Amino acid sequence: MFMLTKQFKYLLFGVSLFAAQSATSAGLMTPKSGDLPELEIKQHHVDVTIEDGYAITSVEQLFYNPNDQELEAIYSFPVPEKASVGEFTYWIDGQPVTGELVYIQPTHLDSVIGRYVYPLEEGGVDEEKMAFWSYNDVVSEAFSFDLKLRSSYPIDNMRLPQHPQASATASSPQEWLVSLHNGQATTQSTTQQEAEAAPQTTPAIIHKLDKDIVVYWRHQQGLPGSVDMVTHKEPGQDRGTFMLTVTPGDDLAVINEGRDWVFVLDLSGSMAGKYQSLIEGVKKGLARLSDKDRFKIILFNDNAKTLTSGYVQATGENAKRYIDKLENISPNGSTNLYAGVERGIKGLDSDRSSAIILVTDGVANVGVTEKRDFLKLLENYDVRLFSFVMGNSANRPLLEGMTKVSNGFSINISNSDDIVGQLMLVTDKLTHEALHDIDVTIRGVKVKDLTPDQIGSLYRGRQLILFGHYWGDGMADVTIEGKISGQQKTYTSRFEFPSQSTRNPEIERLWAYATIEALQNKIDYLGEDADSRQAIVDVAQEYGLVTDYTSMVVVREEQFQQHGIDRHNQARVTKEQTARQQRAATPVASNRVDTQQPMFNKPRAYPSHGGGALGPWLLLLLIPLLKARRQSNH
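Cut-offs applied
- Residues numbered from 1 in each chain as written.
- Predicted model: local features only at pLDDT ≥ 70, side-chain atom pairs only at ≥ 80, totals over all residues.
- Heavy atoms only, no water.
- Helix = DSSP H or I, 4+ residues; strand = E, 2+ residues; numbered from the N terminus.
- Buried < 20%, exposed > 50% of the residue type's maximum accessible area, 1.4 Å probe, protein only.
- Contact = heavy atoms within 4.5 Å.
- Areas by Shrake-Rupley, 256 points an atom, 1.4 Å probe, with all protein chains shown as cover.
- Pairing = 2+ DSSP bridges.
- Salt bridge = Lys/Arg side-chain N within 4 Å of Asp/Glu carboxyl O.
- Phe/Tyr/Trp six-rings, centres within 6.5 Å; stacked < 30°, edge-to-face > 60°.
- Lys NZ or Arg CZ within 6 Å of the ring centre and 35° of its normal.
- Axes fitted to C-alpha atoms, helices over the stretch in contact; angles between N-to-C directions.
- pLDDT = per-residue confidence, 0-100.
- Expected span 1.5 Å × (residues − 1).
- Polar contact = N/O pair within 3.5 Å; in protein donor to acceptor, adjacent residues only side chain to side chain.

Asks: Would you mind going over the overall build of the protein chain with me for this structure?
Replies: If you tally the helices and strands in the protein chain, you get twelve helices and 33 strands. Taken across its 634 residues, the protein chain has 57% of its residues classed as buried. In the protein chain, the share of contacts with a sequence separation of at least 24, taken over all contacts with a separation of at least 6, comes to 80%. As displayed, the protein chain has an accessible area near 25,700 Å², and 45% of this comes from carbon and sulfur atoms.

See the structure below:
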C-alpha cells in the first residue's frame, strides 16, 4: 500500500519481472477508500527480452491522483505464471529505491512453438470483489509494448493473434522484434512541478488494459532434438547453478486404438464471458475424434450432471447434436469443481483407454474446495490429468497440483490465445505415446537440489526443464530413462559443467523460485510444518523472493540503514542488470551442450496437422489419459 499526497500527484513505478501469476488488470492503483475517484494511468510501458530459455519483463507506469488530498492506494500487479518478481523500483523524492524482492519466468516450447503472455485481463471469477473495488484500466497518454527475442535456434514466424496491429520484424532468423504502440511513448519522467501545472482534462483512451498480450514464435522445421544448459558460477566459488532444457526427438508413435473422451465442462456463472469459447473448443475437439472413439459430456455448476446418455459414438451427427444442446444452455450458479471431477473419474470404463477433459476457470467455491481433497481423489484412480487453465483468476496452484499427482501436465490459457492452434498441440499429446516414469541421473560432477525432484511423464512436443546445483566442474554423463508402452527407453549424452560462468546470474533466482514452489506444493498436500516453512523463508531471503512468508520492503534509502535492513537484493539486482547489458551487446549465444554426443537421433516434434496455428486453446483442464488397468501405459 502506498500513500499519495496532493503534492505528489504523479508516481513513477518501475517493476522488473521474470515471470508471474495473475489477478486484476496489470499495474492498477486503487484508492483504499471506495468513495474516491480512481487514479488515472497516464503511461504504461513494457519491455521484454526473451533469451537463454527465460523472459525478463520490465514495466514502467505513471499514475495521476486527481484528488486534492492525501490518499492511500493499493497497487496491484498480476504476476504471470511461473514468474518471480525480482526487482521493484519506487520513486521517492525523485530518487529510485530498489525493493527487496524478485520474480522469474522460464520459457517453454511445445512442438517448436514458444509462447509469452503479458497478463492484463481480469479473470472475472470474483464478482463480489469486482463490485466492491473501483479501478481504472485505461491508459490516457502513452502505451507501449516492445519485445526482443534472441534465439540460438532459427525462428520462422511470430504471431500476436489478438493484436494484429503489432509489428513483428526479424533482423535475422535468430533475432526478432515485436512492437505495439498506442500514443506517444516517452522515457522521460514527469516532475512534481510539471504534474501540478498539467491541465486537468477528461482522460482520453489511448489503450485499455483489458486484453492479454500473447506472443507466439515458431522454430524452423527439422531442428534436432537437443539438450541445452545455462549455468551460473561465480569465480572462486565451488557451487554453481544450472538450468537443463531437454527438447526430445520425435520418437513417440501414434496410438491408433479407439478411446473414450469425457468432457467435464464448467457451467458456473463465472464462465459467462468464456462459455462460447469453451463450446468452440469442444466442437473442434469432437470434430477431430476417430470413428473408433466414444465421448461423454458432463456439466457442473452447483452440482454435476451428464448431458449425454452415457457414452455415444464419435460421429459427426452425434457431435452436432450435443453441440446444439450446449449452445442452448446459459452459465449460472457456483462452481462445484470437485463434483464435476469426481463424476468424470468414476464414470470411466476400465476396459478402454480414456481421456477426461475438464473445461473450467478453476475456482472451486462450493462443495469440496480443499486442495488436498482433490489430490487424494486423483490418487485413488489410475488417471492422468492434463490441466488447461482458463483465465488470470483461476486457482492455478490447485489445478497444477492435480496434474502433478496424476502424472499429467498443465497449460494456462488466455482469452487472447489461438484456440485451434492449441487444440492441434493437445491432440498430438493424446494420440501419441508418452515417456513415463522418467528418471534423470548425472554422474561425474556432484549434483544436488534438483527440482522437480519427481518428473513423471513427458508428452509429445513437451520439454523437460530441470534446475539444480553442482559442485566442481568437468565432464558429466547424463542419462534420461523412462518407459514407452511399458518398455524401457534410455537416452544418454556427455557434456561439460563449467568451472565458472557469469553470463546468466538470473538462473539462481529461477532455481530458488522452482524450489519454493515445490516446497509450497508439499505444504498444500501434507499440511504446513515448521521445517518446510523455514526452508521457504531461508531460500526466499537468500535470493530476494516474495512468498507467503516473506515480503518486499520499499522505503527511502536512509530508512534501510535506520532499521538495519541488509541490502542483499540491491547487489544481486546490480549484478543481473550488468549481465543483461553485457548479453545485449554480444551476439546470440548457443546453449546446446550435446553436440559431441547427441542425446536424440531424430528431429524435435512439429505440429502434425498442416504445420499448426500458434498457441494454446481456451481452457481445458484435462484429466486424461487413463490407460486400461490391464494394459501397459502408453
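Once the structure has been displayed, the description carries forward.
Asks: Sorry, what's going on with the environment of Phe497 here?
Replies: Examined against the element boundaries, Phe497 turns out to sit in strand 32 (residues 487–497). Note: C-alpha distance between Phe497 and Val593 (96 residues apart in sequence) is 9.4 Å. If near-sequence neighbours (up to four positions away) are discounted, Phe497 is found in contact with Met229, Phe242, Ile442, Val445, Tyr470, Asp473, Gly474 and Ala476.

Asks: So what exactly am I meant to see when it comes to the sheet that holds strand 13 (residues 155–159) here?
Replies: In a beta sheet, neighbouring strands are held together by backbone hydrogen bonds and run either parallel or antiparallel to one another. In spatial order, the strands read 10-11-17-13; together these four strands make up an open sheet with antiparallel pairing. Two strands lie at the open edges of the sheet, namely strand 10 (109–110) and strand 13, each paired on one side alone. As paired strands, strand 11 (residues 113–118) and strand 17 (residues 213–219) are joined by six bridges and run antiparallel to one another. For Tyr116, the partnering residue across the bridge sits in strand 17 and is Val215.

Asks: When you look at the pattern of salt bridges in this model, what are you seeing that I'm missing?
Replies: Between side chains of opposite charge, a pair can form when the charged atoms approach closely. Enumeration over the complete set of coordinates arrives at 22 salt bridges. For the salt bridge of Arg462 with Asp110, the shortest nitrogen-to-oxygen distance reads 3.6 Å. Of the two residues, Arg462 sits in the loop between strand 29 (456–458) and strand 30 (464–471) while Asp110 sits in strand 10, which places them 352 residues apart along the sequence. A single burial state applies to Arg462 and to Asp110, both of which are buried. In this structure, Arg494 engages Asp477 in a salt bridge whose closest nitrogen and oxygen atoms are separated by 3.2 Å. In this pair, Arg494 sits in strand 32 while Asp477 sits in strand 31 (residues 474–484), placing the two residues 17 residues apart along the sequence. Its relative accessible area of 35% is what places Asp477 among the partly exposed residues.

Asks: Just to check I follow, could you spell out the environment of Pro164 for this structure?
Replies: Its place among the elements puts Pro164 in the loop between strand 13 and strand 14 (167–172). Overall, the relative accessible area of 70% leaves Pro164 in the exposed class.

Asks: What exactly am I supposed to notice about the packing of aromatic side chains here?
Replies: The geometry of an aromatic ring pair comes down to the distance between the two centres and the angle between the two planes. Evaluation of the coordinates by the stated rule reveals ten aromatic pairs. Residues Phe495 and Phe497 carry aromatic rings whose centres are separated by 6.0 Å and whose planes lie at 25 degrees to one another, so their mutual orientation is stacked. Summarising the burial analysis for this pair, Phe495 and Phe497 share the class buried. Taken together, the ring pairs connect Phe242, Tyr470, Phe495 and Phe497 into an aromatic cluster. Taking NZ or CZ as reference, Lys446 lies 5.0 Å from the ring centre of Trp471, over its face. Just above the ring of Tyr153 sits the side chain of Arg604; from NZ or CZ to the centre is 4.5 Å.

Asks: I would appreciate a short explanation of the sheet that holds strand 30 in the present structure.
Replies: Taken together, four strands build an open sheet; the order of strands is 18-19-30-28 and the sheet is antiparallel. Lying at the two open borders of the sheet, with one neighbouring strand each, are strand 18 (226–232) and strand 28 (446–451). For this sheet, the mean inter-axis angle between neighbouring strands, taken without regard to orientation, is 30 degrees. Of the strand pairs in this sheet, strand 28 and strand 30 are connected by four bridges, and their pairing is antiparallel. In the sheet register, Val447 faces strand 30, and the bridge partner there is Tyr470. Strand contacts of helix 9 (residues 506–526): strand 18, strand 19 (239–247), strand 28 and strand 30, with the helix running at about 75 degrees to strand 19, the strand carrying the most contacts.

Asks: So what exactly am I meant to see when it comes to the confidence of the model for the protein chain here?
Replies: Any region with low pLDDT has predicted coordinates that should not be read closely. Considering every residue of the protein chain, the mean pLDDT works out to 78; 73% of them sit at 70 or more. Across residues 1–25, where pLDDT falls below 50, the model places 152 contacts with residues more than four positions away in sequence or in other chains. With pLDDT under 50 throughout, residues 183–203 is counted as low confidence; its partners more than four residues away or in other chains account for 26 contacts.

Asks: In this structure, what is going on with helix 10 (residues 530–543)? I would like to understand it.
Replies: Along an α-helix, residues three or four apart share an orientation, since each turn contains 3.6 residues. Its 14 residues place the ends of helix 10 20 Å apart at the C-alpha level, agreeing with the 20 Å of an ideal helix rising 1.5 Å per residue. Along helix 10, the residues that are buried comprise Ser532, Ile536, Val537, Val539, Ala540 and Tyr543. Where helix 10 starts, the residue carrying a side-chain oxygen 3.1 Å from the main-chain nitrogen of Asp531 turns out to be Asp529. Gly544 lies just past helix 10 and shows a positive phi near 70 degrees.

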